[in-house]
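What follows is the residue order along each chain.
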Amino acid sequence: MQASDPEAISRSKTLYPAVSYHEDPYDALQGAEAALVCTEWDVFRDLDWERAGKLMARRLVIDGRNLYSPARMRELGF
């Protein structure tokens, strides 16, 4: 499992040491089967999903904060 959250990495490492943490969200999406978005930080709100989709093994996004337009995500193949 991979994760990226610039605000929580330092705290999360002690709670979930088996997770691979990345400062850059695109690094965390490399080869990912899915992306679970659970925060509204601008870094996630402004992700380039066209770029992200090329990195992911499967184009599946679970948008837990309703940040993204479903129509736009479908256009991008998610």
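These remarks concern the structure in this document.

Calculation criteria
Residues numbered from 1 in each chain as written. Predicted model: local features only at pLDDT ≥ 70, side-chain atom pairs only at ≥ 80, totals over all residues. Heavy atoms only, no water. Helix = DSSP H or I, 4+ residues; strand = E, 2+ residues; numbered from the N terminus. 1 Å grid on protein atoms, 1.4 Å probe; cavity = no way out; pocket = protein on both sides within 12 Å on 5 of 7 lines; lining within 4 Å. Points joined across faces, edges and corners; volume = space filled by probe spheres on them. Nonpolar A, V, L, I, M, F, W, Y, C, P; charged D, E, K, R; others polar. Salt bridge = Lys/Arg side-chain N within 4 Å of Asp/Glu carboxyl O. Buried < 20%, exposed > 50% of the residue type's maximum accessible area, 1.4 Å probe, protein only.

For the rest of this paragraph, the subject is unusual backbone geometry. In most cases, non-glycine residues show a negative phi, while peptide bonds are predominantly trans. The phi torsion at N66 lies on the positive side, around 55°, for a residue other than glycine. Looking at the element boundaries, N66 is found in the loop between β4 (61-63) and α5 (70-75).

Right, let's talk about the layout of surface pockets for a bit. Roughly 690 Å³ of internal volume is contained in the largest pocket. Every residue lining the largest pocket is counted, 26 residues in all, and those nearest its centre are Q2, A3, S4, L36 and V37. Mapped onto the lining of the largest pocket, the elements with two or more residues apiece are β1 (2-3), α1 (9-15), α2 (25-29) and β3 (35-37). By residue class, the composition of the lining of the largest pocket is 20 nonpolar, 4 polar and 2 charged.

Tallied over the full model, the rule gives 4 salt bridges. Residues E75 and R72 are paired through a salt bridge, measuring 3.1 Å at the closest nitrogen-oxygen approach. Note that E75 and R72 are positioned in helix α5 at a spacing of 3 residues, about one turn of the helix. For E75, a relative accessible area of 60% translates into the label exposed. Judged by relative accessible area, R72 falls into the partly exposed class, the value being 41%. By sharing partners, the salt bridges in this structure join E40, D42, R45 and R65 into a single network.

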